[in-house]
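So you can see what is in the structure, the chains are spelled out below.
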Amino acid sequence: MTQNSMPPAATRRVSELREGEQIATLELVNRAEIDGQVATAHAYPRDPVKAEEQMTAMVVATPEVAGECYYSLPRKSRDGSNQTITGPGVRLAEIMAQTWGNIRIACRPPVIGAREVMVEYAAHDLQSNYATTGSVTMGIVTSNGSRYGDDMIRMTCMATTAKARRNAIFAVVPGTMVRRLCDSAIVKATGGDSPLEERVTNAMKHFRAMRISDDRILAAVGRSKIGDLNNDNLAALRGLATAIQDKHTTIDESFPPVDEDKPKGTQAVKEKLKVKSGKGVAKKDAKPKAETQPGKGAKGGDAGSSKLSDGDIDAAMSNSTERDDDGQPEGK
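Residues numbered from 1 in each chain as written. Predicted model: local features only at pLDDT ≥ 70, side-chain atom pairs only at ≥ 80, totals over all residues. Heavy atoms only, no water.

Novice: Where do I start with the pattern of salt bridges in this structure?
Specialist: On inspection of all chains with the given rule, the structure shows nine salt bridges. Notably, a salt bridge pairs Arg91 with Glu94, separated by 3.1 Å at the nearest N-O pair. In this pair, Arg91 and Glu94 both sit in helix 4 (residues 90–100), three residues apart, roughly one turn of the helix. On the accessibility criterion, Glu94 (26% relative accessible area) is partly exposed. (Salt bridge = Lys/Arg side-chain N within 4 Å of Asp/Glu carboxyl O. Helix = DSSP H or I, 4+ residues; strand = E, 2+ residues; numbered from the N terminus. Buried < 20%, exposed > 50% of the residue type's maximum accessible area, 1.4 Å probe, protein only.)

Printed below as a string of structure tokens:
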């Protein structure tokens, strides 16, 4: 070998190679890695029956684990009523990927746009040689069009990546198996072995700890009272809790406020006083009022003397039977 000759590319570091040589070398390395994994998958093929048994045991280990294996999201039906859609969650995908085996999952770094975040994913079943790609997007603007802050954008990027990884795993795992495991998780999460009343009490206690009122909880599943809740409602509520925990939705989106237009508390008392004093309603057969001098009332008093005073409002509130949101009479 002469002094100016170069050793073969295989004996040099990648950083010492030209651009074209670097690409060719990396392709060879990647191909060798994949070929090695494919050979290992064929040498140690999965047992679908045993794999599903292991998955089921992990999914139904505890009600808490089962509850994290599926999610629910609120949606409006065609007739305008509230309903929830349920699907397999990120935790279930992780359990299946670890147990199913012989698959490759990859996600690209998030791409942040003006109004949304996008993450691309790829999945490859090394045993069957089936591969697929896809992408997931999530919005980063509020309902009024304002862009999220930096912290919320980072959290959205993490949530988008988790959803992309979930979709990649479910793309190379049999869908029928996913459905069976999801159903098992729902049954376990809602505590099928415990009395319904006990499970309802525990569910309401959980959401009350999140500062969600009973009215909002019941409205989310289309019920008017706690005693009407059934197993399907409990499953939907547990899925909503998981979706909130995984940042797929928010509390206000899952449990929107109810009766926003109805006056409450002090405002309700003022509205009643206005009605009693004749303000805000048209009186029938009202007689024309006598003319008064500017600045004087009908009996010589100051103009505007019919305006409610603070004393009138306080007296009315002390005698009112209206109740605050906490269930206690106002003014006490």
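Novice: Would you take a moment to explain helix 5 (residues 150–171) for this structure?
Specialist: Residues spaced three or four apart along an α-helix point in a common direction, a consequence of the helix completing one turn every 3.6 residues. Look at helix 5: 31 Å from first C-alpha to last across 22 residues, which is about the 32 Å you get at 1.5 Å a residue. Of the positions making up helix 5, those classed as buried are Ile153, Thr156, Cys157, Ala159, Thr160, Ala162, Lys163, Ala164, Arg166, Ala168, Ile169 and Phe170. (Expected span 1.5 Å × (residues − 1).)

Novice: What exactly am I supposed to notice about the nonpolar core here?
Specialist: In a soluble, globular protein the nonpolar side chains are often hidden away together inside. Residues Met55, Tyr70, Leu92, Met96 and Trp100 are the most contacted members of the largest nonpolar core, which totals 30 residues. Of all the secondary structure elements, the ones that give two or more residues to this core are helix 2 (48–59), helix 4, strand 5 (116–125), helix 5 and helix 6 (175–189). For this core, the leading source of residues is helix 6, giving seven residues. With sequence-adjacent residues up to four places away left out, Trp100 is seen in contact with Arg46, Pro48, Ala51, Met55, Asp125, Val172, Val173, Pro174 and Met177. (Core = buried A, V, L, I, M, F, W, Y, C linked by side-chain atoms within 4.5 Å. Contact = heavy atoms within 4.5 Å.)

Novice: Explanation requested: the side chain of Asn233 in the structure shown.
Specialist: If you trace the backbone, Asn233 turns up in helix 9 (residues 231–245). Residue classification places Asn233 among the buried residues on the basis of a relative accessible area of 8%. The residues contacting Asn233, other than those within four sequence positions of it, are Val221, Arg223 and Asp228.

Novice: Help me understand the packing of helix 2 against helix 6, please; the structure alone is not making it clear to me.
Specialist: Describing two packed helices takes the angle between their axes plus the distance from one axis to the other. Here helix 2 crosses helix 6 at 25 degrees, and the two axes come no closer than 10 Å. On the basis of the axis angle, helix 2 is roughly parallel to helix 6. Of the two possible hands of crossing, helix 2 and helix 6 adopt the one that is right-handed. Contacts between helix 2 and helix 6 pair Pro48, Glu52, Met55, Thr56 and Val59 from the former with Met177, Arg180, Leu181 and Ala185 from the latter. (Axes fitted to C-alpha atoms, helices over the stretch in contact; angles between N-to-C directions. Parallel < 35°, antiparallel > 145°, perpendicular 65-115°, else oblique. Left-handed = near helix turned anticlockwise from the far one by under 90°.)

Novice: Would you mind going over unusual backbone geometry with me for this structure?
Specialist: What you tend to see is this: most non-glycine residues have negative phi, and most peptide bonds are trans. In the Ramachandran plot, Asn129 falls in the positive-phi region, its phi being about 60 degrees despite a non-glycine side chain. Considering the arrangement of structural elements, one finds Asn129 in the loop between strand 5 and strand 6 (130–139). Given the relative accessible area of 58%, Asn129 is considered exposed. At Arg211, a position not held by glycine, the phi torsion is positive, near 65 degrees. Following the sequence through the fold, Arg211 ends up in the loop between helix 7 (196–209) and helix 8 (214–220). Using a relative accessible area of 77% as the deciding quantity, one classes Arg211 as exposed.

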